[in-house]
Amino acid sequence: MTTSIAPSTPEAIEDSGGLSGEFRGYLARLRGGDTGSVPAVLGLIVLVILFTILQGQSFATKGNFANLLTQSAPTIFIAMGLVFVLLLGEIDLSAGFTAGTAAAVLGVLMTQHGVAWWLAIPGALLTGAIIGLLIGMLVALLGIPSFVVTLAWFLGLQGVLLLVIGEGGTIRVDNSVIFAIMNNNLSPLLSWLLFVVVVGGYAMVTLMAAARRRAAGLPVVSVAVIAFKIVALAVLLGVATWVLVQERGSAGASSVFLKNGGTSIKGVPIVVPIVIIFVVLLTFVLNHLSFGRHVYAVGGNAEAARRAGINVGNIKIACFVIGSTLAAVGGIMFVSRLSSVSPQTGGSTTLLLAVAAAVIGGTSLFGGKGRIIDAVLGGLVIAVINNGLPFITQEAGVQYIVTALVLLLAASVDAIARRRAAATGR
Amino acid sequence: MTESTQTTPSTTAPLLSLRGIQKSFGAVHVLKGVDLDAWAGKVTALVGDNGAGKSTLIKGIAGIYSFDGGEYTFDGRPVSVHSPKDSNALGIEIVYQDLALCDNLDVVQNMFLGREDRSGIVLDELTMERRANETLKGLSVRTLKSVRTKVSSLSGGQRQTVAIAKAVLWNSKLVILDEPTAALGVAQTEQVLNLVRRLADNGLGVILISHNMNDVKQVADSVAALYLGQMAAQVPASSVTTGQIVELITSGRSGDLGLQADAREAVA
């Protein structure tokens, strides 16, 4: 209470503590209910170790690792969209069927109307955007709780899917470009180039930001902490890239890979750079644009945002549009993965898993707290569970129950963190 | 919008001057010809019982409501204020009792909310952090360790400080504080009152709404007492005792101060 805020005083400069100081700072934030990415990363590590010990010969294979990454992509995209909606403290229960409807639009346009893929994809995205616009307007302008609005859309879009595709029907989509999104890989050279660009880009951005802060005389995180993060990222992505550039064509080939004609399969799946591009872009929007700041403000205290001159309604509508458009991207991923669209596309547990992914990653159900990377980390946790459990038990009932328990666990962590934050806030 | 014609505000001419303000909500006549003056460099305490019309009056000054009648003069010019944007443009900032801060954002993000500094379309965090530091330093605030602390982890007094700093960040001329000490402990109340005094000493006009007579006597230069929608009296704080202020609040008059009998009957 007695320290000055002037940057010249030693107490205010936070780089004096170095790594241990940063660690103490993290513990303080943890006590205050700010858990960050740690629970999701720890969960991921524990699950991978667990499945490797129990069923290593099936789970911990090169082919399954690549499979796991592509499996998680649709969930990750829908979850990234849900992060925007959850940040407002709202929910979108129709995101799964928005993905399904966008997939159906893509399928119908390409197969029944002969539209080229580069026109069909914008068509599918536009479908998502329009759905989001309508949901957002109902929530923001009429003031209907998003829970009810999107529950109605959940049912309505299910009906649309049935009408468009026909009961029990399936639309096959045979297009090499659409197929490539989820099933083709970067060449080993391009894979390593991706690794260099991602790690180098991260290093450059964090170091330059620190340098600018130092030049402006503002407190900076110590170089040791930044270096630790860069090295950790490099090691993690380096190992992953190294595993993925190994030949996985003949050994442990799943049905998806056999479709490639049993030829050589190696490299990072194409969907990985697509996810990375979206993560970077959307994180930039949330952290470095006024719009993103206003999204957090509306989620934290809508009345304060309104008094600050922010158009709360427009922010809500924009978030629903972004959420549904990203769900539509997830829908395109479904089409690519299955090469077909059915009335079940985007149904079943799709939405639940996407919500679980966002929450497991650390996005709060109460609004105001969440990051895009949460969707990726949570999506990977969900993919590992979904991918590893069938090796242990074929019982669908057990798989549902385990996934439900993980979701409840994540939601409990979220609720407890919120109570801790309220308690330390005095 | 309205440019100041005076470079140095005179201490005699009021910064804000209201004359004969009327405001009704349907059949309820809330403000019945209220006069109020506030000077640059002075703290004007606005006191009154619940329902006396304090909130309506300051919301009208802020432009959240439009007054039905009366003169609204700011910086020597008659102005019309019909939205919060109008009052902000004049340099009037209000710190509401509930502070309107976002718990999930840090101090800098809250202070610049809705008016962020940008370079191009990208948020200019460095400039905002520097300006926040400068503003807090200018107010001699020593209770905040880092301006990158989230508001959720601040104490009540610190939050009040942030809300006030947010109000003075925008070259404001008049800051209106709605019961800034109502929820605070003794030490924090002292900190906030010192801050209020410093605002006035820095040349700003301050209107302080308070129910606490100790606060009023400690920092106010002028006391304005509202009684059932009428201004009972606006007098220099040094010329009245705490007892007289309480009488003005509860009965609208104290000795020869305040509303005369016929006016009070008209009210009743």
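About the thresholds
Residues numbered from 1 in each chain as written. Chains lettered and ligands numbered in written order. Predicted model: local features only at pLDDT ≥ 70, side-chain atom pairs only at ≥ 80, totals over all residues. Helix = DSSP H or I, 4+ residues; strand = E, 2+ residues; numbered from the N terminus. Buried ≥ 20, exposed ≤ 12 C-beta atoms within 10 Å, placed from the backbone. Contact = placed C-beta atoms within 7 Å. Domains from an automatic or database assignment. Pairing = 2+ DSSP bridges. Axes fitted to C-alpha atoms, helices over the stretch in contact; angles between N-to-C directions.

A. Representation of the overall build of chain A. If you tally the helices and strands in chain A, you get 17 helices and 2 strands. Scored against the burial criterion, the 426 residues of chain A give a buried share of 39%. Counting only contacts in chain A whose residues sit at least 6 apart along the sequence, the fraction spanning at least 24 positions is 78%.

B. Quick look at the domain arrangement of chain A. Split by domain assignment, chain A resolves into domain 1 (39-184 + 286-395 + 403-416) and domain 2 (185-268). Look at where the C-alpha atoms of domain 1 of chain A and domain 2 of chain A centre, and you get two points 24 Å apart.

C. Representation of the pairing of strand S9 (residues 174-178) of chain B. Residue and element names in this part refer to chain B. Buried residues dominate S9, accounting for 5 of its 5 residues. Side chains of S9 alternate between two faces, with Leu 174, Ile 176 and Asp 178 and Val 175 and Leu 177 buried alike. Sheet topology note: the strand S6 (residues 92-95)/S9 ladder contains 4 bridges and is parallel. Bridge pairing in S9 links Glu 93 to Val 175. Of the strand pairs in this sheet, S9 and strand S10 (residues 205-209) are connected by 5 bridges, and their pairing is parallel.

D. Fine view of the sheet that holds strand S2 (residues 28-38) of chain B. Residue and element names in this part refer to chain B. Read from one edge to the other, the open sheet built from 4 strands follows the order S2-S1-S4-S5, with strand pairing classed as antiparallel. The sheet is open, and its two borders are formed by S2 and strand S5 (77-78), each paired with just one other strand. Pairing of strand S1 (residues 16-25) with strand S4 (residues 69-74) involves 5 bridges; the strand directions are antiparallel. Bridge pairing in S4 links Gln 22 to Gly 69. Set on the sheet, helix H1 (residues 54-62) makes contact with S1 and S2; between it and S2 the angle comes to about 65°.

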